Amino acid sequence: MEEAMILVSETAMQQYRQELSVDPQSLGHVRNAVLAYLRDCGWGELDDAASLCVTELLSNVWRHADSDTCVLRIQPSVCALRIVVSDDSPQLPVVRAGDASSESGRGMLLVSKAADDWGVTMNGDGFGNGTGKDVWVEFRPQPKRVAA
């Protein structure tokens, strides 16, 4: 019995990694791959929130980073699911409120509301001199409600 539990734990911990060319036309395919991965590793309840976050983080690379490529990683653990997009730009994402007439600029606000936590880890020396950044979002499992 213990061996089966260890095998399930190891399988659930496998990471997803994809190197991408920055192309808005490919977002649908990337989202579908991410959703399939989430369902396979037992995080299917996060479909909507994770899909929104992946789309926004990848769109930010396309719009704001001076980078043609990025790396998308999904890191599941027992207590959280982390999605990381790495690029070569030192430019940090900004949470903007955006006004009602604006057609863009609310992406990181949506990310901050959809995820339990988010942040940026600078790669290199931390002063924009180096190899870019990792922008990450994290989701934690919600306790299941039991009917009384």
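Up top is the structure these notes are about.
Figured I'd write up the structure that's included with this text. No experiment lies behind these values; they were computed from the predicted model shown.

Here we take up the side chain of E138. Secondary-structure assignment places E138 in strand 5 (residues 132-139). Owing to a relative accessible area of 14%, E138 belongs among the buried residues under this scheme. A polar atom in the side chain of E138 sits 3.1 Å from the side chain of R82. Filtering out sequence-adjacent residues up to four positions away, E138 remains in contact with A80, L81, R82, A115, D116 and D117.

As a further point, take the pattern of salt bridges. Throughout the structure, instances matching the rule amount to 7 salt bridges. With its nearest N and O atoms 2.9 Å apart, the salt bridge here joins D47 to R39. For D47, a relative accessible area of 16% corresponds to the buried category. In this structure, the salt-bridge partner of R140 is D117, at a minimum N-O distance of 3.9 Å. Pair noted here: R140 is in the segment after strand 5 and D117 is in strand 4 (residues 117-123), with a separation of 23 residues, a long-range link.

Reading the values: the criteria
- Residues numbered from 1 in each chain as written.
- Predicted model: local features only at pLDDT ≥ 70, side-chain atom pairs only at ≥ 80, totals over all residues.
- Heavy atoms only, no water.
- Helix = DSSP H or I, 4+ residues; strand = E, 2+ residues; numbered from the N terminus.
- Buried < 20%, exposed > 50% of the residue type's maximum accessible area, 1.4 Å probe, protein only.
- Polar contact = N/O pair within 3.5 Å; in protein donor to acceptor, adjacent residues only side chain to side chain.
- Contact = heavy atoms within 4.5 Å.
- Salt bridge = Lys/Arg side-chain N within 4 Å of Asp/Glu carboxyl O.

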